[in-house]
Amino acid sequence: MNLTRRDFLKTTGLTGVGLALAGLGLDMPKVKAAAKDFKLKGAREFTSICHFCACGCGVIGYVKEGKLINLEGASDNPVNRGSLCSKGLGYGQIPNSDQRAKKPLYRAPGSDHWEEISWDEAIDKAARAMKKARDENWKQTEVINGETVDVHRTDALGFIGGSQINNEECYQNIKMARALGVTYIDNQTRVCHATTPPAMNAAFGRGAMTNHWGDLKHSKLIWIEGSNIAECHPMGLKNVMKAKNNGAKIVHVDVRYTRTSKIADYFFQLRPGTDIAFLGYIISHIIENKKYDEDYIRRNTNAYCILRDDYKFEEGIFSGYDAEKHKYNMETWGYALGPDKKPQKANDLFAPNTVMSRMKEHFSRYTLDKVSGITGMSKEDIELAAKIFCEYSPTVMMYALGMTQHTVGVENIRCFTILQLLRGNIGVPGGGIDAMRGQPNVQASTDFGIMFQYLPGYLSFPTEKTNTLEKWTKASGTFRAKWLKNMLKAWFGDYATPENDFGFNLIGVRNSSHNDSIYGLFEDAYRGTVKCLYLCGQNPHVTNANAGMVHDGLCKMDTVIAQDIFVNETAEFWNRPGDNPADIKTEVIFLPACSYLERRGTITNSMRMIQWRMEGPKPLGDSKPDYEINNLLWRKIRELYKDSTDSKDEIIKRMTWNYSDDHTVEDILKEINGYDLTTGKLVTGIGQLKDDGTTSSGMWIYAGVYGDGEHKAQRRGQEDEGGLGIYPNFGWTWPDNIHLLYNRASCDEKGQPVDPDHKIVWWDAAKNRWEGYDVPDVGNRSAAPGTPDGNKPFRMTGEGYGRLFAAEYSDLNPNGMTRDHSYTPVDGPLPEFYEPVESPTKNALHTDERAQFNPCVVYPRLPEKQRIGTKDEFPYVLCSSGIAEHWCSGTVTRNISWLNELVKEPFVEMSHKLADKLGVKIGDNVKVSSARGNVTVKAMVTDRAQPLTINGEETHMVWMPYSWGFKGLSKGPSTNYITIDALDPNVQEQEFKACLVNIAKA
Ligand code: SF4
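The structure displayed is predicted, hence computed values, not measured ones.

**So, the overall build of the protein chain**
A tally of regular secondary structure across the protein chain gives 28 helices and 42 strands. On the principal axes, the C-alpha backbone points of the protein chain span a range of 75 × 75 × 65 Å. Counting over 1002 residues, the protein chain shows a buried share of 68%. Considering only residue pairs separated by 6 or more positions, the protein chain has 73% of its internal contacts joining residues 24 or more positions apart. Summed over all atoms, the accessible surface of the protein chain reaches about 32,200 Å², with 48% contributed by carbon and sulfur. Counting 119 positive and 126 negative side-chain charges, the protein chain places the averaged centre of each group 3 Å from the other.

**A few points about the packing of helix α4 (residues 119–136) against helix α24 (residues 626–640)**
Viewed as axis vectors pointing N to C, α4 and α24 meet at an angle of 55°, and their least axial separation amounts to 9 Å. Classed by the angle they form, the pair α4 and α24 counts as oblique. Our pair here, α4 against α24, has a crossing hand that is right-handed. Touching Trp-119, Ile-123, Asp-124, Ala-126, Ala-127, Arg-128, Met-130 and Lys-131 of α4 are Ile-629, Leu-632, Leu-633, Lys-636, Ile-637 and Leu-640, all from α24.

**Things to note about the nonpolar core**
Taken as a class, soluble globular proteins show a tendency for nonpolar side chains to be buried jointly. Core analysis: the biggest nonpolar cluster contains 234 residues, and Met-130, Trp-223, Met-359, Met-398, Leu-422, Trp-491 and Tyr-702 have the highest contact counts within it. Looking at this core, you find at least three residues from each of domain 2 (196–436) and domain 3 (858–1001). Residues in contact with Tyr-702, not counting those within four places in the same chain, are Asn-167, Ala-444, Asp-447, Phe-448, Thr-604, Ile-610, Ile-672, Asn-673, Trp-732 and Trp-734. The next biggest cluster of nonpolar side chains, apart from the first, holds 29 residues, and it includes Ala-101, Val-191, Phe-522 and Ile-584.

**Notes on the environment of Ala-765**
Considering the arrangement of structural elements, one finds Ala-765 in the loop between β29 (761–764) and β30 (769–772). In the structure, Ala-765 is positioned 148 residues away from Lys-913 in sequence and 66 Å away in space, judged by C-alpha atoms.

**Some details on the domain arrangement of the protein chain**
The domain architecture assigned to the protein chain consists of domain 1 (1–38), domain 2 (196–436) and domain 3 (858–1001). Computed from C-alpha atoms alone, the centre-to-centre distance between domain 2 and domain 3 is 28 Å. Buried surface at the junction of domain 2 and domain 3, summed over both partners, amounts to about 2,300 Å²; 56% is from carbon and sulfur atoms. By the criterion of area lost to domain 3, the three top residues of domain 2 are Arg-256, Gln-405 and Thr-407, representing 30% of everything that side buries. On inspection of domain 2 and its partner domain 3, the count reaches one salt bridge. The partner of Glu-909 in a salt bridge is Arg-256, and the shortest N-O contact between them spans 2.6 Å. At the surface where domain 2 touches domain 3, the tally comes to eleven residue pairs in polar contact (both at pLDDT 80 or more).

**Observations concerning the sheet that holds strand β11 (residues 266–269)**
Judged by pairing direction, the sheet is parallel, and its five strands sit side by side in the order β11-β10-β9-β16-β17 without closing on themselves. The outermost strands of the open sheet, each flanked by one partner alone, are β11 and β17 (433–435). Between one strand and the next, the sheet's axes are offset by a mean angle of 15°, whatever the strand orientation. Here strand β9 (residues 221–225) runs beside strand β16 (residues 395–399); their pairing, made up of five bridges, is parallel. Counted as the bridge partner of Ile-224 is Met-398 from β16. In this fold helix α11 (residues 275–288) packs onto β9 and β10 (249–254), with an angle of close to 150° to the strand it touches most, β9.

**Some remarks on the site of the ligand**
Contacts to the ligand come from Cys-50, Phe-52, Cys-53, Cys-55, Gly-56, Cys-57, Leu-84, Cys-85, Gly-88, Pro-234 and Met-235. Classifying every residue of the shell around the ligand by side-chain character gives nine nonpolar, two polar and no charged.

**As for the side chain of Gln-866**
Structurally, Gln-866 can be placed in the loop between β32 (818–821) and β33 (876–881). Of note is the side chain of Gln-866, whose polar atom sits 3.1 Å from the side chain of Glu-523. Polar side-chain contacts of Gln-866 include one of 2.6 Å to the backbone nitrogen of Leu-862. Excluding residues that lie within four positions of it along the chain, Gln-866 makes contacts with Glu-523, Asn-546, Tyr-859, Pro-860, Arg-861 and Asp-981.

**A word on the packing of aromatic side chains**
Scanning all chains against the criterion turns up 39 aromatic pairs. Ring centres of Phe-204 and Phe-794 lie 5.8 Å apart, and the angle between their planes is 25°; on these two criteria the pair is classed as stacked. Of the two residues, Phe-204 sits in helix α7 (residues 196–204) while Phe-794 sits in the loop between β30 and β31 (810–812), which places them 590 residues apart along the sequence. Like Phe-204, the residue Phe-794 is buried in the burial classification.

**Side note on the sheet that holds strand β26 (residues 681–682)**
Strand pairing in a sheet is mediated by backbone hydrogen bonds. Such pairs are either parallel or antiparallel. Overall, antiparallel pairing links the three strands, which are arranged β26-β25-β27 in an open sheet. Of all the strands in the sheet, just β26 and β27 (695–696) have a single pairing partner and so form its edges.

**Observations concerning the pattern of salt bridges**
Within this structure, the stated rule accounts for 65 salt bridges. Residue Asp-981 pairs with Arg-861 through a salt bridge whose shortest N-O separation is 3.9 Å. Taken together, the residues Asp-981 in strand β40 (residues 980–983) and Arg-861 in the loop between β32 and β33 connect sequence positions 120 residues apart. Asp-981 gets classed as buried once you look at its relative accessible area, which sits at 1%.

**A short note on the pairing of β29**
Here β29 shows no split at all, with Val-761 and Trp-763 on one side and Trp-762 and Asp-764 on the other all buried. In terms of strand pairing, β29 meets β30 through four bridges, oriented antiparallel. Within the sheet, the bridge partner assigned to Val-761 lies in β30 and is Gly-772.

**Here we look at the UniProt feature "domain: 4Fe-4S Mo/W bis-MGD-type" (unreviewed entry) in the protein chain**
The positions that UniProt labels "domain: 4Fe-4S Mo/W bis-MGD-type" (unreviewed entry) are, in the present scheme, residues 43–99. With 9% helix and 35% strand, the stretch residues 43–99 has end C-alpha atoms that lie 25 Å from each other.

**Remarks on the side chain of Asp-720**
Note that Asp-720 resides in the loop between β27 and β28 (732–733). No salt bridge is formed by the buried Asp-720; the nearest opposite charge belongs to Lys-217, separated by 4.8 Å. Within the structure, the side chain of Asp-720 is placed 3.4 Å from the backbone nitrogen of Leu-724, a separation counted as a polar contact. In terms of polar contacts, Asp-720 uses its side chain to reach the backbone amide nitrogen of Gly-725, at 2.7 Å.

**Considering the environment of Gln-752**
Examined against the element boundaries, Gln-752 turns out to sit in the loop between β28 and β29. Gln-752 sits 95 residues away from Trp-657 along the chain, and the two C-alpha atoms are 47 Å apart. Gln-752 has contacts with Ser-746, Cys-747, Trp-762 and Trp-763, leaving out every residue within four places of it along the chain. There is a polar contact of 3.0 Å between the side chain of Gln-752 and the backbone oxygen of Trp-763.

**Brief notes about helix α13 (residues 355–363)**
Within α13, seven of the nine residues are buried, which leaves it mostly tucked inside the rest of the structure. Buried residues along α13 sit in contact with α11, α12 (294–300), β12 (313–314), β13 (317–318) and α17 (409–422).

**Regarding the packing of helix α19 (residues 469–476) against helix α20 (residues 478–492)**
Axis separation between α19 and α20 bottoms out at 7 Å; the angle between their running directions is 135°. As the angle between them shows, α19 and α20 are arranged oblique. Where α19 approaches α20, its residues Leu-469, Trp-472, Thr-473 and Ser-476 are matched on the opposing element by Thr-478, Arg-480, Ala-481, Leu-484 and Lys-485. Partitioning the contact of α19 with α20 into residue classes produces four nonpolar, three polar and two charged.

**As for helix α23 (residues 547–555)**
Three or four residues apart is the spacing at which side chains of an α-helix point the same way, because the helix has 3.6 residues per turn. The buried fraction of α23 is high, at seven of nine residues. Every buried residue of α23 is accounted for by Ala-547, Gly-548, Met-549, Val-550, His-551, Gly-553 and Leu-554. Looking at the buried side of α23, the elements it contacts are α21 (518–527), β20 (532–536), α22 (540–543) and β21 (559–564).

**Things to note about the pairing of strand β39 (residues 957–961)**
Along β39, five of the five residues are buried, which leaves the element largely enclosed by surrounding structure. Residues Met-957, Trp-959 and Pro-961 point to one face of β39 and Val-958 and Met-960 to the other, with burial holding for every one of them. Where β33 and β39 come together, five bridges link them in parallel fashion. Paired with Ser-880 across the bridge in β39 is Met-960.

**Quick word on the environment of Asp-649**
Structurally, Asp-649 is set in the loop between α24 and α25 (650–654). Judged by relative accessible area, which is 3%, Asp-649 ranks as buried. It is 9.4 Å that separates the C-alpha atoms of Asp-649 and Gly-181, two residues lying 468 residues apart in sequence. Once residues within four sequence positions are removed from consideration, Asp-649 is found in contact with Arg-134, Tyr-641 and Ser-644. One polar contact links Asp-649 to Lys-648, side chain to side chain, over a distance of 3.0 Å.

Definitions and cut-offs
- Residues numbered from 1 in each chain as written.
- Predicted model: local features only at pLDDT ≥ 70, side-chain atom pairs only at ≥ 80, totals over all residues.
- Heavy atoms only, no water.
- Helix = DSSP H or I, 4+ residues; strand = E, 2+ residues; numbered from the N terminus.
- Buried < 20%, exposed > 50% of the residue type's maximum accessible area, 1.4 Å probe, protein only.
- Contact = heavy atoms within 4.5 Å.
- Areas by Shrake-Rupley, 256 points an atom, 1.4 Å probe, with all protein chains shown as cover.
- Lys, Arg positive; Asp, Glu negative; His and termini not counted.
- Charge placed at Lys NZ, Arg CZ, Asp CG, Glu CD.
- Axes fitted to C-alpha atoms, helices over the stretch in contact; angles between N-to-C directions.
- Parallel < 35°, antiparallel > 145°, perpendicular 65-115°, else oblique.
- Left-handed = near helix turned anticlockwise from the far one by under 90°.
- Core = buried A, V, L, I, M, F, W, Y, C linked by side-chain atoms within 4.5 Å.
- Domains from an automatic or database assignment.
- Buried area = accessible area lost by both parts, 1.4 Å probe.
- Salt bridge = Lys/Arg side-chain N within 4 Å of Asp/Glu carboxyl O.
- Polar contact = N/O pair within 3.5 Å; in protein donor to acceptor, adjacent residues only side chain to side chain.
- Pairing = 2+ DSSP bridges.
- Near = heavy atom within 4 Å.
- Nonpolar A, V, L, I, M, F, W, Y, C, P; charged D, E, K, R; others polar.
- Phe/Tyr/Trp six-rings, centres within 6.5 Å; stacked < 30°, edge-to-face > 60°.
- UniProt positions renumbered as here; feature names shortened; annotations may be inferred.

Next comes the structure, spelled out in structure tokens:
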């Protein structure tokens, strides 16, 4: 690229900048002006989507003689309208980077160096290593709860990654992994947003962000909690600023003052890990002061439903708790059912045992005194925040990892769902809950089930309790069994028939009580049972909590296969400074992938929009697109198994892989979309899928992306009838191109918009059909309001309502079979405040010791590696997160010189008061230690994180970025050597946002 350092600083507005930048992006005219010098004449133009934060910004690249010569924001893309932040623009260095691996590499056991090898050799070694680990460690049966279960899987092989590759590559990876019988399957969402899908699903029936960036302009209040959107999602902020310009108020709630606080009208600082206490007060305030939207909750929620009278909650523990297992039996968390097995409803909102009356009782304990003591906020601020929340409507709530990365992550987000349902803010323009994803394709890698507990489309992966299609259907419902059968048809083709349960039994079975997450994987590697790990675009050596555990696990494996753009810390773990490579006997195969600009495919952003990435420059050196590497790898694996007659290998032979070399990506996307097998035509949407084996769809929620043979992800239409910012003909949004999920809730019982000034969908009586500027979120567009199908605002929950209380509930078909089952978080049907596992104080809400921290958390799991620090030894609370200039593990950004110049090393931020106490000045080296390790970094002293008085004691919070390691152009210690790997019990996401440390001058 011809952009000079000076140009870069100028265009990003960074000349003379200190540690970090605001990153609101640069305007198209500025880029255009700079571009004049670039001699673009004769260059080929292509469009793509940015690599980083999942805002999904469009870029335009220019290629000359096979090389990228310019990269800028795409002005027709509604997400960013021509702007790019420093990271997005800085990526222009990557296609021509000298730091990239240009050939496959091999590190022999005990060696201290890499050797270049051919692709044939690399693929052969990788395929054979996977086969060896699988064959030598095959588990045909397992005794689970005293019963011998046919599990046909391997626990010796792990598959990690997917958040940085395209949709088609995610789909290839999950097919490969499941065919090999792998259960250790995970992607970066485990570490970032694993808590989001179950929390949203428990309330609304789907697990994703409810609305779209363009909708923000309708909000009157934008509530940002647990996110530094200005630095971590800059183009999300650009859309927020549109609302601010329209007069919206902005509230920022976080653990320190950031650039996001700077643009907010109100900033509230709380102690890390205490959001539930704060939000619990606001819920109580709404109920006590009747600030809920009574009409909305009557029409759309389970507020009037009556709960079982044996549901109890005492001293922080819900009914059904088994202290030995740290688990609940959820049976008592259900409704009082009528003779038709449907939830009974009361006429009076606060009749005994209604959801609303039990909520009132539950949250009344969150008094101003208690909440102030827990959070460190003043009572005045807490009350002010509650009043602001109730003053404006519609309100959108936006969050990121400040809410998700806790041992109560799911229940944190559940608070948002309750607040938004109470205030009538879901399914209406300007409302919603925006889960801001942090990796370019982390939304889709989750959609595609690159997580141990899912198959594509959020279908549960079989366990010992659901190891036949019949048992699976009973648990998940006939509604979802239809999608599963379509996936099995896509995977097993003609072999899948109703007679053989569509090949369901070819798929392995996991043990429901085993932790198959990336955390369980490295713990079992440390125990010696995981032999081979395949990583694709993920660097857990830097991004996992308690990273020392990752290193120790890698050292015990036979083979690590790393597919990435750069040789990162995980690929080169054997060369960690201070270690002796000769002692490490793991072989490592490195497969050089090319950058996103060098390959084509589709990608899904935070708002569920699927967009097309064109091919730009030629792959650097011998690097290859991931889809091509995947093809080579799978074809080799199949070749190795071609003569096998062993039943365990049948799935490998049966798994479809009908992708031409020239059109691999398009062929895969068509398979994902699905076919009518009777006509051979691509299906146009979910509604065309059948459960009798006459249709197929690799992932039902994307059915329609290639509808009518049109590649809808490629569309760039600018039409926006209604002016709602929807742009329905730009890309394609799952499901069914619905942009505002649950939009049926914006209409009354007659199907007419409650707010005619913001109409989005409506029942058109003349046409006998639901119409709208957005696709109506109804199961059947001809189902009139007043009919059962036309009156389900939250049609994806079993009840058809938004769930304030996440009751245990299965909706039954007339024949008694489960139609759909609603999700209930394992740690409670209502959120409850618990202290972080490492906390500086006692839980002020409960005296029961079992409720000090989340009673369902099991920690430590490996006591010699997972010590819980006490405040006597480690008196300060550490919170860690990202910054504008570096991203995730830093594998990419620390190889962009411009970004390194802006922020060149990690640091710890502390208040002046703490610095004075420690005798530390800005720039001093300090040692930050926890019960798991220590790092030495520079001190940054600011006023941004003030000490708080917690339950009567002054408490200091410090903050660190985490994106460093020993590789790349900018090196530095990894913060995650000190963070804690205590996990949310629903989804095994770690508590990055709160642990205890000590600090001393180094
Ligand atoms: S990093 Fe995020 S905000 Fe920045 S250009 Fe890329 S997608 Fe847009």
